[in-house]
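As a plain string of letters, each chain reads:
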Amino acid sequence: MSNYFQEEIETASREKIVEIQNEKIVKQVKHVYENVAYYRNLMDKQGVKPEDIKSIDDIKKLPFLTKADLRDAYPYGLLGTDLKDCVRIQSTSGTTGRRVVAFYTQHDIDLWEECCARAIVAAGGTNEDVVQVCYGYGLFTGGPGLNGGSHKVGSLTLPMSSGNTERQIQFMMDLQSTILCCTPSYAAFIGESLAEKGYKPEDNKLKAGIFGAEPWTEEMRKSIEKSLGIKAYDIYGLTETSGPGVAFECEEQTGMHINEDHFYAEIINPDTGEVLPEGEKGELVFTSLDKEAFPLLRYRTRDICVLSRKKCSCGRTHVKMTKPMGRSDDMMIIRGVNVFPSQIETVLLNEGYAPNYQILVDRKNNTDTLDVNVELLPEQMSDKVSDIEAMEKKLEGAMRTMLGIGPKIHLVPPKSITRSEGKAVRVIDKRKLV
Ligand code: DLL
């Protein structure tokens, strides 16, 4: 059985990949310059012409594009084709400001679905699998992307969308789903719900899960793998670049291969814009190499990660990115200390708690406050106030060691924190509301 969806390109030599990138970038820049007035202006301001881009190395000459540009250009300002050639839009969940609306030609959809198909095959998927897709369908890219990928692999696709956990479980059991696709927080909830119904991990037929769209830690991976009896694979992507499948994990589970024949990745210093060498941590920047309707050159994702070209045992040659370690705009600065939600999650899981928590940040008397509500597991419950207080103190100590500042921990009863069916809302920062 082949372990690849498109073996030739997924295992191509470095030289071959660079050759493809060199060829594609010249065309993509020309396409953007000729069709996207917004970006043409940015290039003109920087004094760069399409002729200056002769190979992928010349990409450094191009200006960056940011989320603010996407908002300015909303809705049609970055369109690279006639509207009559577009067949679909997708959009972000955008909680603040204008949503991002991405456009697709049929070529763009095919390319995107192939990327998702590569991810499914890397997780062991074949045409004999039953793929339960419980990412949201509709404007969100998760459902449509994995759905399309699953079709391309030829798997039986269950277009469940998110929510209605009772029905998810019924279909999972009755139709014997083998691959589960959803956010990691929803996967954890499904695992919890299965256990409550008395199912053991070996009672389901699942073998793998393809989880992404939000940050999750290695500890959370272990916990989901245990509760569902599966191997859990990470998948990454963003609406702007098409959706899930920009990068995906293979069996080695040590980072996600970026589909480099379609997306060129750079890591930059988020403060200076300087391109950093392989292995250094910084902001991920993507350039689409062959998109028609919504091509993006040097788009700043705000996701912080590290790239690695270390040889992978799976045989794929495409560069790997680490799990995003947070977003440059998700990082909380609390009393001057940088805190990422993922650090808090790591401590909780290491200390034996479930990944059900909420982080509350506020400012009282001109001082930042950090409170974390953490749900107890039923077996951790105690009638004795002193027991609970001792557990809170211990957790506060472990947090202080990890974060450098001590949050106030509040242990709350099981099931008291609202479960998420899509992306979990982990942080409530009231300071931003003032
Ligand atoms: O979340 C696309 C997606 C759907 C990816 C399903 C994976 C699975 P957006 O809603 O535009 O698109 O959000 C994109 O989500 O910039 C990251 O900050 C975050 N993100 C996506 N995947 C991961 C991941 C989809 N595997 C934003 N780990 C990105 C951590 C992720 N963060």
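Residues numbered from 1 in each chain as written. Predicted model: local features only at pLDDT ≥ 70, side-chain atom pairs only at ≥ 80, totals over all residues. Heavy atoms only, no water.

**Focus: the packing of helix H9 (residues 218–228) against helix H10 (residues 341–350)**
Logical step 1: Packing of H9 against H10 brings their axes to within 8 Å, and their N-to-C directions diverge by 45 degrees. Taken together, the axes of H9 and H10 are oblique relative to one another. Between H9 and H10, the residues in contact are Glu219, Met220 and Ser223 and Glu345, Thr346, Leu349 and Asn350, respectively.
Logical step 2: Counted by class, the contact of H9 with H10 contains two nonpolar, three polar and two charged residues. (Axes fitted to C-alpha atoms, helices over the stretch in contact; angles between N-to-C directions. Helix = DSSP H or I, 4+ residues; strand = E, 2+ residues; numbered from the N terminus. Parallel < 35°, antiparallel > 145°, perpendicular 65-115°, else oblique. Contact = heavy atoms within 4.5 Å. Nonpolar A, V, L, I, M, F, W, Y, C, P; charged D, E, K, R; others polar.)

**Considering H10**
Logical step 1: Across the 10 residues of H10, seven count as buried, placing the element largely inside the fold.
Logical step 2: Listing the buried residues of H10 in full gives Pro341, Ile344, Glu345, Thr346, Val347, Leu348 and Leu349. (Buried < 20%, exposed > 50% of the residue type's maximum accessible area, 1.4 Å probe, protein only.)

**Digging into the pairing of strand S18 (residues 367–375)**
Logical step 1: Within S18, eight of the nine residues are buried, leaving the element largely enclosed by the surrounding structure.
Logical step 2: The pairing of strand S17 (residues 357–364) with S18 spans eight bridges and is classified as antiparallel. Following the sheet pairing, Arg363 is matched in S18 by Asp368.
Logical step 3: Between S17 and S18, which pair antiparallel in sequence order, lie two residues; one of them, Asn365, sits at a positive phi of approximately 50 degrees.
Logical step 4: Two strands pair when backbone bridges link them, and S18 and strand S19 (residues 408–412) are joined in this way by five bridges, in the parallel orientation. Paired with Val372 across the strands is Ile409, a residue of S19. (Pairing = 2+ DSSP bridges.)

**Digging into the domain arrangement of the protein**
Logical step 1: When cut into domains, the protein gives domain 1 (7–17 + 69–328) and domain 2 (334–429).
Logical step 2: The interface is formed by 23 residues belonging to domain 1 together with 16 residues belonging to domain 2.
Logical step 3: The largest contributions to the domain 1 side of the interface with domain 2 come from Phe189, Thr217 and Glu219, which together make up 28% of the buried area.
Logical step 4: Summed over the shared surface of domain 1 and domain 2, the result is two salt bridges.
Logical step 5: Among the salt bridges present, the one from Arg419 reaches Glu192, with a minimum N-O distance of 2.9 Å.
Logical step 6: Contributing elements (two or more residues each) for the side of domain 1 that touches domain 2: helix H8 (184–196) and H9.
Logical step 7: With six residues, the single largest contributor to the side of domain 1 that touches domain 2 is H8. (Domains from an automatic or database assignment. Buried area = accessible area lost by both parts, 1.4 Å probe. Salt bridge = Lys/Arg side-chain N within 4 Å of Asp/Glu carboxyl O.)

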